[in-house]
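# Coordinate inspection notes
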Amino acid sequence: MTKFEQRHQRLILLVEDRPDDVILFKRALSLAGITNPVFAVRNGQMAARYLAGIGAYRNHCEFPLPELMVLDLKMPGMDGFELLSWVRRQPGLKSLPTVILTSSDDEDDVLRCAELGANSFLVKPGEFSSYVEIAKALGDHWLGHSIGPKLFRPAKRNSPDSGTEL
């Protein structure tokens, strides 16, 4: 497989509770020429289960680990802060590139995400053309030029269903 083919196989995990924002994000990626597969989940608990490879996500061939997680903050149930905290405590996932994409521009949210280990904090734009610019930048940097350590799923005792970590 060529480097070009590898780049376009790198999965994006989108954690977003609003279906309209999922559609906007996928459309922006498409218009930016980013053809990477995107798997979207509605909240932090679903994302943690996906990343742990448990429940409906136990088929690791069908649900591979992502190369990039794009994370909203304000979601019902486990929010983005809780998910980010859980991910950063997992030895095999703590280096997962995580970009916050949220409607919040609250300085406290920015600081908290930085303290929890977010790689970037972006505010959802009002204009769709800006969404396309963000998608292009994400693709170029995180999926094109960035190389990170190999990720692996957490041990069962650290899974989100074990009751010990969340």
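These notes cover the structure that comes with them. Counting starts from 1 at the beginning of each chain's written sequence and moves along it residue by residue. Selection of residues for local features in this predicted model requires a pLDDT of at least 70, selection of side-chain atom pairs for listing and counting requires 80 or more, and totals for whole chains, interfaces and linings are taken over all residues. Derived side-chain values reflect all non-hydrogen atoms in the structure, with water molecules and hydrogen atoms excluded from consideration.

## Things to note about the environment of Met-75
Along the chain, the position of Met-75 falls in the loop between strand 3 (68-71) and helix 4 (80-88). Burial classification: accessible surface area is computed with a 1.4 Å probe over protein chains only, and a residue below 20% of its type maximum counts as buried, one above 50% as exposed, and the rest as partly exposed. The buried category is assigned to Met-75, whose relative accessible area is 8%. Sequence-distant contacts of Met-75, that is, excluding residues within four places in its chain, are made with Val-15, Glu-16, Asp-17, Arg-42, Asn-43, Gly-44 and Gly-80. Secondary structure is summarised from DSSP: a helix means a run of H or I of at least four residues, a strand means a run of E of at least two, and numbering begins at the N terminus for each. Note on contacts: a residue pair qualifies if any of its non-hydrogen atoms lie within 4.5 Å across the two residues.

## Looking at the packing of aromatic side chains
The rule is short: rings of Phe, Tyr and Trp, with Trp giving its six-membered ring, pair when the centres are within 6.5 Å, and they are stacked under 30 degrees, edge-to-face over 60, tilted in between. Across all of its chains, the model carries 6 aromatic pairs by this definition. Plain terms: the ring middles of Phe-39 and Phe-63 are 5.5 Å apart, the flat faces sit at 80° to each other, and that makes the pair edge-to-face. Note that Phe-39 is positioned in strand 2 (residues 38-41) and Phe-63 in the loop between helix 3 (44-52) and strand 3, a separation of 24 residues in sequence. A residue is classified by how much of its surface remains accessible, and Phe-63, at 10% relative accessible area, is buried. Here Tyr-57 and Phe-63 contribute two aromatic rings whose centre-to-centre distance is 5.2 Å and whose plane-to-plane angle is 90°, an arrangement assigned as edge-to-face. Considered together, Tyr-57 and Phe-63 belong to a single accessibility category, that of buried residues. Counting every residue linked through ring pairs, the aromatic cluster contains Phe-39, Tyr-50, Tyr-57 and Phe-63. A cation over an aromatic ring shows up here: Arg-27 above the ring of Phe-128, its NZ or CZ 4.7 Å from the ring centre. Comment: the charge-over-ring label is applied if NZ (Lys) or CZ (Arg) is within 6 Å of the ring centre and within 35 degrees of the ring normal.

## Side note on the pairing of strand 2
Relative to strand 2, strand 1 (residues 12-15) is paired through 4 bridges, and the arrangement is parallel. Within strand 2, the residue paired with Val-15 across the bridge is Val-41. Traced from strand 1 through helix 2 (residues 19-31) to strand 2, the parallel crossover comes out right-handed. When DSSP finds at least two bridges between two strands, those strands are taken to pair. For the handedness criterion, the strands are oriented away from the viewer, and a crossover whose path from the first strand over the helix to the second runs clockwise is classed as right-handed.

## Considerations on the pattern of salt bridges
Salt bridge criterion: a side-chain nitrogen from Lys or Arg within 4 Å of a carboxyl oxygen from Asp or Glu. Under the criterion given, the structure shown has 7 salt bridges. For Glu-67, the salt bridge identified is with Arg-10, shortest N-O distance 3.3 Å. A residue pair is termed long-range when its members are at least 10 positions apart, and Glu-67 in the loop between helix 3 and strand 3 and Arg-10 in the loop between helix 1 (3-7) and strand 1 qualify at 57 residues. Here the salt bridges share partners, and the residues they tie into one network are Glu-16, Arg-18, Asp-21, Asp-72 and Lys-124.

What is shown is where atoms sit, not what they do.
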